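Spelled out from the first residue to the last, the chains are:
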Amino acid sequence: MTGTHTLRRRLEHVGIGLTALLAVAMIGLLAIDALRDVPVVGVLYEQARIAGWWADHYLGTNVFYHPFMWRSIATGILIGVVAPLVGTYLVHREMALIGETLAHTAFAGVAVGFLVSGMTGWQGSLMLVALVVGILGALGVQWLAERTDTYGDVPIAIMLTGSFAVGTLVISYGRGMTGINVEDYIFGSISVVTPSGARLMAVISVLVVAAVVATYKQLLFITFDEQAARVACLDVTWYNTLLIVLTAIVVVGAMQILGVILVAAMLVVPVAAATQIARSFRETLYLSILFGQIAVVGGFVLSISQELPTGGSIVVVAIACYLLAVFASSRSTAAISTH
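Scope of this entry: the structure provided in the associated data block. (Residues numbered from 1 in each chain as written. Predicted model: local features only at pLDDT ≥ 70, side-chain atom pairs only at ≥ 80, totals over all residues. Heavy atoms only, no water.)

**Side note on helix 3 (residues 67-92)**
Using the following cut-off: Runs of E in the DSSP output that reach at least two residues are strands. Runs of H or I that reach at least four are helices, and both are numbered from the N terminus. Multiplying 1.5 Å by the residue count of a helix minus one yields the expected span of that helix. A residue's bend is simply the angle between two axes: one fitted to the seven residues ending at it, one to the seven starting at it.
With 26 residues, helix 3 should cover 38 Å at 1.5 Å per step; its first-to-last C-alpha distance of 38 Å lies within 8% of that length. Taking the largest bend as the criterion, helix 3 deviates by roughly 25 degrees, centred on Ile79. Of the residues one or two after helix 3, Glu94 is the one with positive phi, at around 55 degrees.

**Overview of the pattern of salt bridges**
Note the cut-off: Salt bridge, as used here: a side-chain nitrogen of Lys or Arg that lies within 4 Å of a carboxyl oxygen of Asp or Glu. Relative accessibility decides the category of a residue: with a 1.4 Å probe and only protein chains considered, values under 20% of the type maximum give buried, values over 50% give exposed, and everything between is partly exposed.
Enumeration over the complete set of coordinates arrives at 4 salt bridges. A salt bridge links Arg71 to Asp33; the nearest nitrogen and oxygen atoms lie 2.8 Å apart. Highlighted residues: Arg71 in helix 3 and Asp33 in helix 1 (residues 3-34), separated in sequence by 38 residues. The exposure class of Arg71 is buried, given its relative accessible area of 11%. For Asp33, a relative accessible area of 4% gives the class buried. Residue Glu226 pairs with Arg93 through a salt bridge whose shortest N-O separation is 2.5 Å. Taken together, the residues Glu226 in helix 10 (residues 226-231) and Arg93 in the loop between helix 3 and helix 4 (98-120) connect sequence positions 133 residues apart. For Arg93, a relative accessible area of 16% corresponds to the buried category.

**A look at the packing of aromatic side chains**
Our working rule: Stacked, tilted and edge-to-face pairs are distinguished by plane angle, under 30 degrees for stacked and over 60 for edge-to-face with tilted covering the rest, among Phe, Tyr and Trp rings (Trp via its six-membered ring) whose centres lie within 6.5 Å.
Scanning the model with the defined rule gives 7 aromatic pairs in all. Taken together, a centroid distance of 5.8 Å and an interplanar angle of 25 degrees make the contact between Trp54 and Tyr58 stacked. In this pair, Trp54 and Tyr58 both sit in helix 2 (residues 39-59), 4 residues apart, roughly one turn of the helix. Trp54 gets classed as partly exposed once you look at its relative accessible area, which sits at 42%. Ring centres 5.2 Å apart and planes at 55 degrees place the aromatic pair Tyr89 and Phe281 in the tilted group. Pair noted here: Tyr89 is in helix 3 and Phe281 is in helix 12 (residues 281-306), with a separation of 192 residues, a long-range link. We note that Tyr89, like Phe281, is buried.

Okay, here's the thing in structure tokens:
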């Protein structure tokens, strides 16, 4: 291994370590926000607000003092970790559109939640309803793929169009009675991130990272040679189902910031950027997470400084990272190893 490759690997490890510390800090911040009524935690909460005030003072912003911005930024940082983490497997399995499909399924769940809330007065979490519907949609896609003779992307197309059609019908039916408004869920907005939604994202992040770490070798095996995995008596169906359910969970969490239309971008674009310069699957995984963090942080900076939509800003920065990676790459197609 040359000195350049050694330095590059060390930098990647440092970047992943810093990203992990940042993600843990964001989860801790959300925990402090959730438990601020506890006396000891309440002191930490007030200190965090004071630190945010000083940050706003020196940066000339009006962002870090407000708890709702903490939740939005923390949610974005966590999305920047788990979306590329799951997306790396999807891209290498040529399942990039599954994220878009599950986002439309979750959108139908949000629409149903709005309708039930408006008609019955139910005050539960819309994101929880979207999560349930998203998981059911993921299982539906998997069931169709396993039991039909159509091409692999046909069940995905059916679920994508069908779930969005259901969502539009529910919205059209309920708008006259409840005045429901789901535009923020379509285009994404930091105002959508509720305290319960941010805490749900924290739980989702821990579960997804733990699941991927625990099944890394199995998911890697089925990603590069599913037939060999079956010959080796690996339960391929179960691991396929796990991957698609993890994708649904991540999509629901990311939909708060990115919206239905843009959510698939965070599953695909950072991974696409990473594949241009990575030399192994593991390196692709690391770089995609780093590109995801750059996209989220850069997107928030662009959004706050220029008063632009957050979701669109994040995706634009992600695409800029991809284009830079293309220009920096010495090859037109990334040929990576499975290590």
